[in-house]
Amino acid sequence: MIMKLHALPKRVLQCGKHRLDLSHPQVMGILNVTPDSFSDGGQYRGHEQAFSHAERMLAEGASIIDVGGESTRPHATPVSLQEELDRVIPLVETLVQRLDPVISIDTSSPEVFSAAAAAGATIWNDVRALSRPGALEMAAMLSLPVVLMHMRGEPATMNDLAHYHDVTLEVHTELSFRIEEAFAAGVRMENIIIDMGFGFAKDTPQSLTLLDEIWKLHTLECPLMLGISRKRVLGEVLGGAAVDERLYAGLAAALLGVQQGVSIIRTHDVRATVEMLALLRQMPQAH
Ligand code: 9MG
């Protein structure tokens, strides 16, 4: 397979006072502040440790820090609203005061995002694509960028819903419904980013098909985000590799995404991803 690099259109994402140039792929570094996160296992729970981790990811070239206080793993213990606020808001305040980066918040709760936005966060990353009560209205009111991710059901039930005739077509259709709903509620098109949701209601063969066909989502006319770093699909492809053994496969997947026009890569492995992008940016076809 020889693939030409998909040229990204000239696009700027206005994140409060920050502007992100999406004509080149951007890296979003993951900062989980949950005791049972996808892969950190609560390693960065302490406030100072979380802060230092964010600082390091920014130094390595991340242009967005994605702060999440609720685990979306299938069997994660549900978190109360107060607990999520307690995990996320003090960290956002410290980050804004000391580093002032672009901060996205991985939450489905309009209350959490609204409090985080008041503290200085400027992107809403919602794995439930604004489906919780009040989320659409809150997104329209705040008028900040939102990531609408594809999922079916809830993390606890999503694996039972991974049945597709044509996974890419169905993800495309279901995302188009979420975009239409958001738009109808008053969310501006230039604020919508979409994400195919690797690992959310998709098994490994479905994820690989989707990875091969990301380019088909461009007809939705929104910037694309890809989050596959350290996920189960990579472990399975590698015959059962542990979470910390999935870096190279994750980079290959990110590269496939960028070649097909992904604008934002959500990753634990910022430095490696930034270096991979540095090479791509020097390619003659990228100009
Ligand atoms: C919070 N979270 C976990 N995985 C994710 C993914 O693939 N995309 C987005 N947008 N968020 C994710």
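This text follows the structure it describes.
Residues numbered from 1 in each chain as written. Predicted model: local features only at pLDDT ≥ 70, side-chain atom pairs only at ≥ 80, totals over all residues. Heavy atoms only, no water.

To continue, consider the sheet that holds strand β7 (residues 146–149). Read around the closed barrel, eight strands run β3-β4-β5-β6-β7-β8-β9-β10, paired in parallel fashion. Strand after strand, the sheet turns through a mean of 25 degrees between neighbouring axes, direction not considered. In the packing of helix α1 (residues 47–60) onto the sheet, contacts are made with β3 (26–32) and β4 (64–68), and the angle to β3 comes to roughly 170 degrees. (Pairing = 2+ DSSP bridges. Helix = DSSP H or I, 4+ residues; strand = E, 2+ residues; numbered from the N terminus. Axes fitted to C-alpha atoms, helices over the stretch in contact; angles between N-to-C directions. Contact = heavy atoms within 4.5 Å.)

Another aspect to go through is the layout of surface pockets. A probe matching the size of a water molecule, rolled over the atoms, marks out where space remains unfilled. In this structure, the largest pocket spans a volume of roughly 400 Å³. As for the largest pocket, its lining consists of 21 residues, and the residues nearest its centre are Leu8, Ser23, His24, Pro25 and Arg281. Of all the secondary structure elements, the ones that give two or more residues to the lining of the largest pocket are β3 and α9 (270–281). Broken down by element, the residue count for the lining of the largest pocket peaks at five residues, all from α9. (1 Å grid on protein atoms, 1.4 Å probe; cavity = no way out; pocket = protein on both sides within 12 Å on 5 of 7 lines; lining within 4 Å. Points joined across faces, edges and corners; volume = space filled by probe spheres on them.)

All right, on to unusual backbone geometry then. Phi at alanine 201 takes a positive value of approximately 60 degrees, unusual for a residue other than glycine. You can see alanine 201 is positioned in the loop between β8 (192–195) and α6 (204–212). Positive phi outside glycine occurs at arginine 230, with the angle close to 65 degrees. Residue position: arginine 230 is located in the loop between β9 (224–227) and α7 (232–237). According to the relative accessible area criterion, arginine 230 is partly exposed, its value standing at 23%. (Buried < 20%, exposed > 50% of the residue type's maximum accessible area, 1.4 Å probe, protein only.)

Of all hydrophobic cores here, the largest spans 75 residues; its most connected members are Val67, Ile105 and Leu130. It is helix α2 (residues 81–98) that provides the largest number of residues to this core, a total of six residues. Beyond its immediate chain neighbours, meaning those up to four positions away, leucine 130 contacts Trp124, Ala135, Leu136, Ala139, Val146, Leu148, Arg178, Ala182 and Val187. (Core = buried A, V, L, I, M, F, W, Y, C linked by side-chain atoms within 4.5 Å.)

Attention shifts here to the packing of aromatic side chains. Here the structure, examined in full by the defined rule, presents one aromatic pair. Ring plane angle 15 degrees and centroid distance 4.9 Å describe the contact between phenylalanine 113 and tryptophan 124, whose orientation is recorded as stacked. With phenylalanine 113 in helix α3 (residues 110–119) and tryptophan 124 in strand β6 (residues 123–126), this residue pair connects regions lying eleven residues apart in the sequence. Of the residues examined, phenylalanine 113 reaches a relative accessible area of 1% and is grouped as buried. The ring of phenylalanine 51 has arginine 98 lying over it, and the distance from NZ or CZ to the ring centre is 3.8 Å. (Phe/Tyr/Trp six-rings, centres within 6.5 Å; stacked < 30°, edge-to-face > 60°. Lys NZ or Arg CZ within 6 Å of the ring centre and 35° of its normal.)

Inspection of the secondary structure assignment puts methionine 276 in helix α9. Classification of methionine 276 as buried rests on a relative accessible area of 14%. As a C-alpha pair, methionine 276 and valine 79 span 197 residues in sequence and 36 Å in three-dimensional space. Discounting residues that sit within four places of it in the chain, methionine 276 has contacts with Leu251, Ala254, Leu255 and Ile265.

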